[in-house]
Amino acid sequence: MAFAAWHVPVRLATGAFILDAGLKKRQADAETAKQLHGFASTAYPQVGDLPPDRFAQLLSTGEIAVGTALLAPIVPTAVAGAALTALGGGLAGLYLKGPGLREEGSLKPTQQGTAIAKDVWLLAIGAALLLDSIGGSGRRKRAARRAKA
């Protein structure tokens, strides 16, 4: 299992952030659950079929799982990166599909869209971890070839 040194700070910082967000949502009151549910269902209409409290619990569980996967060194980087990419992709979808989050005809965020647009870093980190674990870095490949020779 390949684990590059640069993965450590990225996984720790991102994992701690997401785990904390998931734990906070675990205690969501009815109003918070309703707001989360309403916002998500604007971008993902299928979410509308879930009761708000159930949606908040599922979202919380998902964030806790992703945060834990990033923090646990036994979880392969490819798995943690894929989970983070999925979470980041979902947030990017909220940004792209949510009403009023982008300036008309642009990817540029509105004032209220900035809070979601900034989450693109989750997608980027997930993709970087995933790509590195799948393709590996050129330096590691060269070192492996030298070791075999």
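Residues numbered from 1 in each chain as written. Predicted model: local features only at pLDDT ≥ 70, side-chain atom pairs only at ≥ 80, totals over all residues. Heavy atoms only, no water.

Let's hear about the packing of aromatic side chains: which residues, and what values?
Counting across every chain of the model gives one aromatic pair. Measuring from centroid to centroid gives 5.5 Å for Phe17 and Trp121, while their planes differ by 70°, and the two rings are edge-to-face. With Phe17 in helix α1 (residues 7-26) and Trp121 in helix α6 (residues 120-135), the pair connects residues that are 104 residues apart, well separated along the chain. Overall, the relative accessible area of 30% leaves Trp121 in the partly exposed class. (Phe/Tyr/Trp six-rings, centres within 6.5 Å; stacked < 30°, edge-to-face > 60°. Helix = DSSP H or I, 4+ residues; strand = E, 2+ residues; numbered from the N terminus. Buried < 20%, exposed > 50% of the residue type's maximum accessible area, 1.4 Å probe, protein only.)

Kindly report on the pattern of salt bridges, identifying the contributing residues and their values.
Evaluation of the coordinates by the stated rule reveals four salt bridges. Among the ionic pairs, Lys24 bridges to Asp20, the shortest N-O distance being 3.0 Å. Of this pair, Lys24 and Asp20 both sit in helix α1, four residues apart, which is roughly one turn of the helix. On the basis of relative accessible area, Lys24 is assigned to the exposed category, the value being 58%. The partly exposed category is assigned to Asp20, whose relative accessible area is 37%. (Salt bridge = Lys/Arg side-chain N within 4 Å of Asp/Glu carboxyl O.)

I'd like a description of the nonpolar core, backed by residues and values.
Counting 18 residues, the largest nonpolar core has Ile18, Val66, Leu70 and Leu84 as its most contacted members. Those elements that place two or more of their residues in this core are α3 (52-71), α4 (77-97), α5 (114-117) and α6. Looking at this core, the element that brings in the most residues is α4, giving six residues. Leaving out residues up to four positions away in the same chain, Leu84 has contacts with Thr14, Ile18, Val66, Leu70, Leu122, Ile125 and Gly126. (Core = buried A, V, L, I, M, F, W, Y, C linked by side-chain atoms within 4.5 Å. Contact = heavy atoms within 4.5 Å.)

A description of the packing of helix α2 (residues 30-43) against α4 should follow, citing residues and the corresponding values.
Two quantities define a packed helix pair, namely the angle between the axes and the distance from one axis to the other. One way to put it is that α2 packs onto α4 with a least axis distance of 8 Å and a crossing angle of 75°. When the axis of α2 is compared with that of α4, the two are roughly perpendicular. On α4, the residues touching Phe39, Ala40 and Ala43 of α2 are Gly93, Leu94 and Lys97. (Axes fitted to C-alpha atoms, helices over the stretch in contact; angles between N-to-C directions. Parallel < 35°, antiparallel > 145°, perpendicular 65-115°, else oblique.)

Explain the side chain of Asp119 residue by residue, including any values.
By the secondary structure assignment, Asp119 is in the loop between α5 and α6. The exposure class of Asp119 is buried, given its relative accessible area of 11%. Reaching out from Asp119, the side chain makes a polar contact with the side chain of Lys118 at a distance of 3.1 Å. (Polar contact = N/O pair within 3.5 Å; in protein donor to acceptor, adjacent residues only side chain to side chain.)

I'd love a proper account of α6, names of residues and values included.
With 16 residues, α6 should cover 22 Å at 1.5 Å per step; its first-to-last C-alpha distance of 22 Å lies within 8% of that length. Burial in α6 covers these residues: Leu122, Gly126, Leu129 and Asp132. Angularly, the buried residues of α6 cover 135° about the axis, an arc narrow enough to put them on a single face. Of the exposed residues in α6, those oriented more than 90 degrees away from the buried face are Leu131 and Ile134. (Expected span 1.5 Å × (residues − 1). Arc of directions from axis to C-beta.)

Let's hear about the confidence of the model for the chain: which residues, and what values?
Taken residue by residue, the chain gives an average pLDDT of 91. The fraction at 70 or more is 91%. For the chain, helix α7 (residues 138-148) is the element with the lowest average pLDDT, namely 62, and α3 is the one with the highest, namely 97. (pLDDT = per-residue confidence, 0-100.)

Describe in detail α1, supporting the description with residues and values.
For α1, spanning 20 residues, the distance from its first C-alpha to its last is 28 Å, which sits close to the expected 28 Å at 1.5 Å a residue. For α1, the set of buried residues is His7, Arg11, Thr14, Gly15, Ile18, Leu19, Gly22 and Lys25. Along the axis of α1, the buried residues cluster in a sector spanning 135°; they form a single face. Every exposed residue of α1 that faces more than 90 degrees away from the buried side is listed here: Ala13 and Lys24. Structurally, α1 contributes buried residues whose contacts are with α2, α3, α4 and α6.

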